[in-house]
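Structural description and commentary
Okay, here's what each chain looks like letter by letter:
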Amino acid sequence: MARGTPALIGVLAIACCVLVLLNGALLLLLAPAGVSSESGQSWLWSGFLRVISPAVIARDRGSAPFLAVAALMAFGGIFLMSTLIPVISAGLQNQLARLRRGRSAVVESGHTVVLGWSPHVYTVLRELVEANRNQRRACVTILAEKDRPEMEAAIRERVGHTATTRVVCRSGDPTDPVDIAIVNPSSARSIIVVPPGGDDPDIAVVKSLLAVGSSQAPRGRGGVRAAPVIVASVQEAQNLSVARLAGGATCHVVSAQGFISRLMVQMSLQCGLSAVYTGLLDFEGDEIYMQAQPELVGRTFGETLAAYRTSCVIGLMDASGRVRLNPPHDTVFRAQDQIVAISEDDGTVVLSETVPVVDETAISPSDVPERPSRQVLLVGWSRHAPDIVRQLQTQLPAGSRVDVIADTDLTGAETTLTGAGDGVTEVSFRQADTTRREVLESAGLGAYDHVMVVCPNERDPRGSDARTLTTLLKLRDLAARHSHDFSLATEIADDRNRALARAAKADDFIVSSELVSLCLAQLSENPQLSQIFDELFGPRGVQISLRPMAGYVRTGADTDFYTVTAAAARCGEIAIGHRIHAQAQLPPDYGVLVNPDKARRVSYTEGDQIIVLSAGAHDES
């Protein structure tokens, strides 16, 4: 009985066989006259029928001993069947309960595995569903320490219809190799380790990465399946190297601390840049693809910029897998090289059939204006606020100023960060309660070009976001009352509060963990994007900038984007889109269009901007 349902059914089957034999033998011995001449096989069948259907004795006629034995055997059959049916029912219920708990093994292959559970899961799932729309059957498997029905209900509520993607939930510890083996990681196409909530999420991420390596099945000599791509995110930048060691060669780890701080700085200094980055990170709009183009062999990189009508070439990837964004425009395209392009889909990266004609009369003379100084106010302090200040010191022009107001003691930070940059002339620190209106009023908001609200260091995301939202609402009210014209960037700890702090105007934006989730989803589908993201979101290297269109083409001239691309190429840059000033207040894109149709003619106005890929932070306007 302790061995479970199969053992119980086996015992009952043996008892049934014994009872059938006894039934047949005794019936043969005590049968009325004439019955003994029948074969033993028919009496065995009669004995089996009497065991499973005791109602057969109603037709019996004969002596008292015969009827007594028949009744006794009927009672034995009733007892046996009444025992067998509950055993089978209990076994089925236990198996169904086991399936509901999500402990059955996954037999899928080529699927995506998500380890862990947090609000990141919903964003990752939405992006994977969008990415898999062109596939007939796709599967995403989630392993987390939650009940399977609870996970499935949450996904239905927060994600909705998953189109062609089937979501399979399993309950287990994402840091235990035995539990991870349930989701069949060896046959997966990619594995995403989601940082959990609570204290020290990086420890759980590192343990999951180690457990994934331990749960991988050894591959034989004949095995051809490549190892799955592993992507993960850590909060603290100091844990980045440890996580990469734990994940192995196929692991790509994103530092949420560095990622968010760089986005905060770049999007704050470049109004409208948030729409560009969001469009590149999600799967709904244009994405970044790598493709081999044999027709381009022997041509220079500068010549490839105008070779596509519906795609924007931004770089090259050589045979070793090294990606170079905006390389020298005289670089020759070789046979093993692939282009890196922004396009709507991989099928739209197609060479144009016609040779574009550049309108030389519409190109403006190259004149790079001197960058004016900026005044930035940083409200609040967190573990990655020092990185934000260093980024500002790196990217702001000479004569700029950064003022910090926080309710924590910044004595050590003031000593470390003051004078660390080459261009910033002054960094000041002030301790005050940032949720008090009089503190914000006394800061002199009208003197600032950019205001950044940083989520404080608190264990409870709700408490952190409550303080952030209070400060944000008061800043917006002061800006409206006194007509202050500054961009406002806000960091939110819990992505569920993002809707509460939605942008009030085009120059406002909210930075949350959703962008990190978008990055994880992109890397799981195309791990080669890791090098591109390191370039785009790094403190050095190429960067995306918005600059006045008048510096490239004449305003009022009826021209196309081929001409805009040629004008940017003469400055050593790549034009990837534009921002129309007349639509700058219209959500959700606020006039930003990445990868426009190059043949479409536009008459640009004085306030329109060009979106370019330039080489270095110090080139920003």
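Structure first, text after, so check above.
All values derive from a computational prediction rather than experimental measurement.

**Some points on the overall build of the protein**
- The number of helices and strands found in the protein is 18 helices and 22 strands.
- Here the protein holds 621 residues, and 51% of them are scored as buried.
- In the protein, of all internal contacts separated by at least 6 residues, the share reaching a separation of at least 24 is 75%.
- With an accessible surface of roughly 28,500 Å², the protein has 54% of that area assigned to carbon and sulfur atoms.

**Describing the packing of helix α16 (residues 514-525) against helix α17 (residues 529-536)**
- Axis separation between α16 and α17 bottoms out at 9 Å; the angle between their running directions is 145°. Contacts from Cys519, Gln522 and Leu523 in α16 reach Leu529, Ser530 and Phe533 in α17.
- Here the contact of α16 with α17 is built from residues that sort into four nonpolar, two polar and no charged.

**Focus: the sheet that holds strand β7 (residues 287-292)**
- If you trace the four strands from one edge of the open sheet to the other, you get β7-β10-β8-β9, paired in antiparallel fashion. A strand with exactly one partner marks an edge of an open sheet, and here the two such strands are β7 and β9 (323-325). Adjacent strand axes in the sheet meet at a mean angle of 35°, parallel and antiparallel pairs treated alike.
- Where β7 meets strand β10 (residues 338-343), six bridges bridge the pair, whose relative direction is antiparallel. The partner of Glu287 across the bridge, within β10, is Ser343.
- Those strands touched by α17 are β7, β9 and β10, and its axis lies near 35° from that of β9.

**Some words on the packing of aromatic side chains**
- Scanning the model with the defined rule gives two aromatic pairs in all.
- Judged by centre distance (5.7 Å) and plane angle (85°), the ring pair of Trp117 and Tyr122 falls under edge-to-face.
- On the basis of relative accessibility, which here comes to 16%, the residue Trp117 falls in the buried class.
- By relative accessible area, Tyr122 is classed as buried at 8%.
- Considering the side-chain rings of Trp381 and Phe429, the 6.2 Å spacing of their centres and the 75° angle between planes classify their relative orientation as edge-to-face. Placement of the pair is Trp381 in the loop between β11 (375-379) and α12 (385-395) and Phe429 in strand β13 (residues 426-431), with a sequence separation of 48 residues.
- Residue Phe429 is classed as buried on the basis of its relative accessible area, which comes to 15%.

**What to know about unusual backbone geometry**
- In this structure, Ala163 takes a positive phi of about 55° despite not being glycine.
- Following the sequence through the fold, Ala163 ends up in the loop between α5 (148-158) and β3 (165-171).
- The exposure class of Ala163 is partly exposed, given its relative accessible area of 26%.
- A positive phi angle, close to 50°, is found at Tyr590, a residue other than glycine.

**A look at empty space enclosed by the protein**
- Summed over the entire model, instances satisfying the criterion amount to three cavities of 30 Å³ or more.
- If you add up the space inside the largest cavity, you get close to 80 Å³.
- Around the largest cavity sit Val379, Gly380, Trp381, Asp407, Thr434, Val453, Val454, Pro456, Arg467, Thr468 and Thr471, which together line it.
- Here the lining of the largest cavity takes three residues from helix α15 (residues 461-482), the largest share from any one element.
- Among the residues forming the lining of the largest cavity, the class breakdown is five nonpolar, four polar and two charged.

**A look at the pairing of β11**
- Most of β11 sits out of view: five of its five residues are buried.
- As paired strands, β11 and strand β12 (residues 401-406) are joined by five bridges and run parallel to one another. Residue pairing for β12: Gln375 is matched across the bridge by Arg401.
- With α12 bridging β11 and the parallel β12, this β-α-β connection has right-handed handedness.

**Things to note about the nonpolar core**
- Trp381 and Ile544 are the most contacted members of the largest nonpolar core, which totals 96 residues.
- Counting residues per element, this core draws most heavily on helix α9 (residues 256-269), at eight residues.
- Counting residues in each nonpolar core, the second largest holds 21 residues, with Val193, Val212, Ala232 and Ala246 among its members.

**Here's the deal with the sheet that holds strand β15 (residues 487-491)**
- If you walk across this open sheet you meet the six strands as β13-β12-β11-β14-β15-β16, and the pairing is parallel. The sheet is open, and its two edges are formed by β13 and β16 (508-511), each paired on a single side. When the angles between neighbouring strand axes are averaged without regard to direction, this sheet yields 15°.
- As paired strands, β15 and β16 are joined by four bridges and run parallel to one another.

**Regarding a nonpolar patch on the surface**
- A cluster of nonpolar side chains, namely Ile9, Ile88 and Leu92, defines an oily patch on the protein surface of about 250 Å² accessible area.
- Its relative accessible area of 55% is what places Leu92 among the exposed residues.

**Structural notes on the pattern of salt bridges**
- Summed over the entire model, instances satisfying the criterion amount to 20 salt bridges.
- Here the salt bridges share partners, and the residues they tie into one network are Arg437, Glu441, Asp477 and Arg481.

Reading the values: rules and limits
Residues numbered from 1 in each chain as written. Predicted model: local features only at pLDDT ≥ 70, side-chain atom pairs only at ≥ 80, totals over all residues. Heavy atoms only, no water. Helix = DSSP H or I, 4+ residues; strand = E, 2+ residues; numbered from the N terminus. Buried < 20%, exposed > 50% of the residue type's maximum accessible area, 1.4 Å probe, protein only. Contact = heavy atoms within 4.5 Å. Areas by Shrake-Rupley, 256 points an atom, 1.4 Å probe, with all protein chains shown as cover. Axes fitted to C-alpha atoms, helices over the stretch in contact; angles between N-to-C directions. Nonpolar A, V, L, I, M, F, W, Y, C, P; charged D, E, K, R; others polar. Pairing = 2+ DSSP bridges. Phe/Tyr/Trp six-rings, centres within 6.5 Å; stacked < 30°, edge-to-face > 60°. 1 Å grid on protein atoms, 1.4 Å probe; cavity = no way out; pocket = protein on both sides within 12 Å on 5 of 7 lines; lining within 4 Å. Points joined across faces, edges and corners; volume = space filled by probe spheres on them. Right-handed = clockwise from strand over helix to strand, strands pointing away. Core = buried A, V, L, I, M, F, W, Y, C linked by side-chain atoms within 4.5 Å. Patch = residues over 30% accessible without salt bridge, like charges linked within 9 Å, V, L, I, M, F, W, Y side chains within 5 Å. Salt bridge = Lys/Arg side-chain N within 4 Å of Asp/Glu carboxyl O.

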